Structures are given as structure tokens and as C-alpha cells.
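Overview (structure and organization)
Residues per chain, in single letters:
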Amino acid sequence: MSFKFCFRLVEKFDLIVAGAGPAGASAVLAAKGAGLKIALIDKSNFPRDKVCGDFVMARGPRFISEYAPSLKERLDQFPEKAVNKSTAIYVDDFDPIIWEWVQRSITIKREDFDHMILEEALKVEGVHFFPGETIKEVRRENGQVFVRSSNLEFKAPFIVGADGAHSPVAKSLANYKVDHNHYGGSVRAYYSALTNISSATNEVYVSKDVLPGYFWLFPLSETSANIGLGMHSRHIVPNKVNLKEVFYRFIEESPTLQSKMSSAEMEGPLKGFGLPFYSKKFNLSGDNYILCGDAGSMIDPMNGEGIYQAIVSGLAAGEWLKENLPKGKIGANASFAYEKAMHKRFWPEMRTKALLVKGFAHRSKLISSLARVGIRNPWMLNTLKRMM
């Protein structure tokens, strides 16, 4: 794939989209047909590695395929992925709880998944892609947004902040600051030469050693997997938890994991990433800006999933922009309609999950008791499945 590299000192655009991941690319796709001149900026050169669990629920690609019909076929035909039919949840030493899924999800490296969506977005007329440009400054001035990156400067009446958990747009325009009560940390690595795994079954491990959080093994093939650990920051920070140490120790002390990883080889380093949880309502809009995905702290506080929210919020932002930007409606009162719609869609579910995590995530004995009952109780299994 060849990208259109644009080298200009200063240029005016109708719209700046910061971040070319699923949220930013989705915004571009949904704005198609509005006749906008769009600057799509990302700090990375694509394809690029993205630290994540790589688990993509079926509903995300289904939504975005309405705007990029060829994406579904490309994903279906892409060989380096696993199609997930079930999830095995290991709670302490009990037999795993098996959840069968009606809709097939996939495990695919974000390097590949994000690249596919970006390629579709770059087909939109009027898009100018600026890879390898780290955003250094974002400011509002005289009703315009100015962005200074590594080598360039951009100007537009509106910006979409889709630039991830450490979003410069959110920090500069929404005064975002990390709140450890609504944040998490994770580490992950790729492993090969695993045994006794199935590419059709994701594995989740819940134990007092990793609460409040969980350990995962998400197969990418019959012998390789994305393996990681996530935990809430409100436990990490006061207890000075070293996630890398917990990660390696949990593997060493788990007989189940040892049966799968005794001959496994790590492919590359163990990498960490932050998780801004949707466990409180953050500002998603204001004068001249909208925030999407991780930049808007939209990660599920129970399972850590963020791709679906990134896609949905990106598409919603693009639809709003398509309707309002040509009319000059760029103020906070106008963009609040997007924020209101996102909170209406996600907040009831996220609030419930946040309360459950806060109330139960530290109670390992209670979780063990529920697992003991849940193995034999179809109603409880279905209830938990809907929550996930």
C-alpha cells in the first residue's frame, strides 16, 4: 500500500482528525460525501503495532461495514486471525465455565485490523493523511483549532480527538487528567509454540492474584496467542503493583497455563498500555471539538474492551460532522448533541458494570462461590454472558 504523504508548512482544512485508529478512521468514513477537506494525523506510520488484547467483538466490524462494505469480505478472507466461537473462564481451580457465542468474534492483531480500516478511510475523497506526525500542541484561537505536530502545522474550524488514551486533544481542549479511580493498566505479549489451546476459544483467568482484573489468553492460531493481564489503577497505584511481575508470576504458578505454555516462546517484549474507563461521564464535546473512543475515556470498565465504542463513537462523530460542519455549527451547544447521544447509548450499561466491578472485583471468595454455582446454573451463566 502506498500512502499520500503531504509535506506542507501550514495548511487550512475543513476538519482535523487526530488519530488514524478505528475511531478516527470511522469518523472519516461516516463523513464521506460532505465534501470536506480533512487532515488525518497520526504519530505512527501504518501498519503499526497497537498494544491491545486484539479481541474484536462481532458487532464492531458489522457496524463499520455499513460504511465500508468491502471490509467484511477482507476480514473474512484474512488468514492471520482466529474466529472465536466460545470463551472459557477459569475461576481459581474450578473447571472452566464455557460460554458459547452466537455471533462469531475474531482475534486479530491490531496492526492488521487498524490498517484495514485505515485503508478504507483513505479512499474517501478529500482526505489527506499525515503519518509519523506526533502532535505537540493543540490550541483554540479566534474560533479556529491549530495543531502543531512534529514537522507541520494545521488549521481548521473543528477537530476530532481520536488520538487514544493519552490524547493531546483531550488534555488541551477538554482539560482531561488521568483519574486513577476510573483508569486501568494492562500488559500484553505475543507467544508462539503453545499447546493445548483452541483458536476457537478465548481464555479468561480470574483469581485473587489478579483481582481487580483478569488474565487473558486470546489465541491467534492453534499455537500462538495474545497473552496479557489487566487491572484497575485504584488497586495498582496505592499498592504499587508491578504488572509485569504479576504477569510472569501468575503464569509460573498456574498449572493450567503451564500445561499450555511450558514450551512457549515470547515473540517480542511485554508491553504496557493504559485503559481510561467509561466508569464516569467525561466531557466528549465542546467548542470546536469532539472526542471519540479512548480519547473520550470510553473503555468498558468490566472487560476492558474499547474497539466497539471507538467504532460507534467515530461513526457517530462523522455523521454529526457531515450534518453540521458544512452549516458552520461548531459551537459547544451544537456538538453537545453528539455527547448526549453517546452517553444515552452507553452510559446505562457502563454505569452498571462500573458498580459491579467496584462492589465485587475485590471479593475473591464471593467470586469463587458464584463460579461454583454458575457452572451448574444456566440462568446465571446467561446473565453474566449478557453483562460481558
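Up top is the structure.
Residues numbered from 1 in each chain as written. Predicted model: local features only at pLDDT ≥ 70, side-chain atom pairs only at ≥ 80, totals over all residues. Heavy atoms only, no water.

This brings us to the packing of helix H3 (residues 69–77) against helix H4 (residues 110–121). One way to put it is that H3 packs onto H4 with a least axis distance of 10 Å and a crossing angle of 150°. With respect to their mutual orientation, H3 and H4 come out roughly antiparallel. Every pair of crossing elements has a handedness; the one defined by H3 and H4 is right-handed. For the pair H3 and H4, contact is made by Ser70, Leu71, Arg74 and Leu75 and by Phe113, Met116, Ile117, Glu119 and Glu120, respectively. By residue class, the composition of the contact of H3 with H4 is five nonpolar, one polar and three charged. (Axes fitted to C-alpha atoms, helices over the stretch in contact; angles between N-to-C directions. Helix = DSSP H or I, 4+ residues; strand = E, 2+ residues; numbered from the N terminus. Parallel < 35°, antiparallel > 145°, perpendicular 65-115°, else oblique. Left-handed = near helix turned anticlockwise from the far one by under 90°. Contact = heavy atoms within 4.5 Å. Nonpolar A, V, L, I, M, F, W, Y, C, P; charged D, E, K, R; others polar.)

Right, let's get into the sheet that holds strand S15 (residues 225–232). With mixed pairing, the eight strands of this open sheet are ordered in space as S4-S6-S5-S13-S14-S15-S12-S16. A strand with exactly one partner marks an edge of an open sheet, and here the two such strands are strand S4 (55–56) and strand S16 (265–276). (Pairing = 2+ DSSP bridges.)

Across the sheet, which stays open at both edges, the four strands sit in the order S1-S10-S9-S8 with mixed pairing between neighbours. At either margin of the open sheet sits one strand with a lone partner, and together these are strand S1 (10–12) and strand S8 (135–141). Going across the sheet, the axis of each strand differs from the next one's by a mean of 15°, ignoring polarity. Bridge count between S8 and strand S9 (residues 144–149): six bridges; the pairing is antiparallel. Of the residues in S9, the one forming a bridge with Arg139 is Phe146.

What follows covers helix H10 (residues 332–360). For H10, the principal kink sits at Phe346 and spans about 50°; a proline, Pro348, occurs within the next four residues. Of the residues making up H10, those classed as buried are Ser335, Tyr338, Glu339, Met342, His343, Phe346, Trp347, Met350, Lys353, Ala354 and Val357. (Bend = angle between axes of the 7 residues up to and from the residue. Buried < 20%, exposed > 50% of the residue type's maximum accessible area, 1.4 Å probe, protein only.)

It is worth spelling out the packing of aromatic side chains at this point. Evaluated as defined, the whole model comprises 20 aromatic pairs. Judged by centre distance (5.3 Å) and plane angle (80°), the ring pair of Phe247 and Tyr248 falls under edge-to-face. Ring-pair connections join several aromatic residues into one group, and the members of that group are Tyr90, Tyr205, Phe215, Phe247, Tyr248 and Phe250. One cation-aromatic arrangement involves Lys37 over Phe13; the distance from NZ or CZ to the ring centre is 4.9 Å. Directly above the aromatic system of Tyr308 lies the positively charged group of Arg59, at a separation of 3.9 Å from the ring centroid. (Phe/Tyr/Trp six-rings, centres within 6.5 Å; stacked < 30°, edge-to-face > 60°. Lys NZ or Arg CZ within 6 Å of the ring centre and 35° of its normal.)

Glancing now at the side chain of Ser297. When you line up the elements, Ser297 lands in the loop between strand S18 (289–291) and helix H9 (307–324). Here Ser297 falls in the buried class, since its relative accessible area comes to 1%. The contact partners of Ser297, leaving out residues within four places of it in the chain, are Tyr176, Pro276, Phe277, Tyr278 and Phe282.

Okay, the pattern of salt bridges next. Once the charged atoms of two side chains with opposite charge are near each other, the side chains can pair. Taken as a whole, this structure holds 19 salt bridges when the rule is applied. Note that Arg48 and Asp114 form a salt bridge whose closest N and O atoms lie 2.9 Å from each other. With Arg48 in the loop between strand S3 (38–41) and S4 and Asp114 in helix H4, this residue pair connects regions lying 66 residues apart in the sequence. For Arg48, a relative accessible area of 12% translates into the label buried. Given the relative accessible area of 0%, Asp114 is considered buried. Where Lys271 meets Asp49, a salt bridge forms, and the shortest distance between an N and an O atom there is 2.8 Å. In this pair, Lys271 is assigned in strand S16 and Asp49 in the loop between S3 and S4, connecting sequence segments 222 residues apart. Beyond isolated ion pairs, a larger network of salt bridges with shared partners links Glu137, Arg139, Glu141, Arg148 and Glu153. (Salt bridge = Lys/Arg side-chain N within 4 Å of Asp/Glu carboxyl O.)

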